[in-house]
Amino acid sequence: MRNLLHRFFDDQSGVTAIEYGLIAALIAVVIIVAVQLVGTDLTATFNAIAANLTAAA
């Protein structure tokens with residue numbers, strides 16, 4: 001039983017999958033933040049263009 005527990009705690013095979021999962025989650029968060037920031041700027045740009053078009057007409 002002691003040998004089984006020792007092998008269980010020394011097993012590193014799942015660590016790589018967890019690391020890849022954490023990296024993927026971090027990349028997803030960065031993408032979400034970037035899209036929200038660009039989306040806000042893009043909305044402001046389109047609103048400015050629309051205001052200029054209606055003022056010129």
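In what follows, the structure referred to is the one given above.
A short tour of the structure in this document, coming up. (Residues numbered from 1 in each chain as written. Predicted model: local features only at pLDDT ≥ 70, side-chain atom pairs only at ≥ 80, totals over all residues. Heavy atoms only, no water.)

### Focus: the overall build of the chain
A count of helices and strands for the chain gives two helices and zero strands. Against the 2.2 N^0.38 benchmark of 10 Å for 57 residues, the chain shows a C-alpha radius of gyration of 25 Å, more extended than a compact globule. With the C-alpha coordinates aligned to their principal axes, the bounding extent of the chain is approximately 85 × 10 × 10 Å. The burial tally for the chain puts 0% of its 57 residues in the buried class. Total accessible area on the chain is roughly 5,300 Å²; 72% of this is exposed by carbon and sulfur atoms. (Helix = DSSP H or I, 4+ residues; strand = E, 2+ residues; numbered from the N terminus. Rg over C-alpha atoms; globule rule 2.2 N^0.38 Å. Buried < 20%, exposed > 50% of the residue type's maximum accessible area, 1.4 Å probe, protein only. Areas by Shrake-Rupley, 256 points an atom, 1.4 Å probe, with all protein chains shown as cover.)

### Some remarks on the environment of threonine 45
Along the chain, threonine 45 falls in helix α2 (residues 13-56). With 30 residues separating them along the chain, threonine 45 and valine 15 place their C-alpha atoms 45 Å apart. A polar contact of 2.9 Å, which involves the side chain of threonine 45, links it to the backbone oxygen of aspartate 41. (Polar contact = N/O pair within 3.5 Å; in protein donor to acceptor, adjacent residues only side chain to side chain.)

### Topic: the environment of leucine 22
Within the secondary structure layout, leucine 22 lies in helix α2. Residue classification places leucine 22 among the exposed residues on the basis of a relative accessible area of 57%. The sequence separation of leucine 22 and alanine 50 amounts to 28 residues, and the corresponding C-alpha distance is 42 Å.

### Some points on a nonpolar patch on the surface
Nonpolar side chains collect at one region of the surface, where Met1, Leu4, Leu5, Phe8 and Phe9 lie side by side and expose about 640 Å² of accessible area between them. Following the sequence through the fold, leucine 4 ends up in helix α1 (residues 2-10). (Patch = residues over 30% accessible without salt bridge, like charges linked within 9 Å, V, L, I, M, F, W, Y side chains within 5 Å. Salt bridge = Lys/Arg side-chain N within 4 Å of Asp/Glu carboxyl O.)

### Brief notes about the environment of threonine 40
Within the secondary structure, threonine 40 sits in helix α2. Residue classification places threonine 40 among the exposed residues on the basis of a relative accessible area of 53%. Taking the C-alpha atoms as reference points, threonine 40 and methionine 1, separated by 39 residues in sequence, lie 59 Å from one another. Engagement of the side chain of threonine 40 in a polar contact is seen with the backbone oxygen of glutamine 36, the distance being 2.9 Å.

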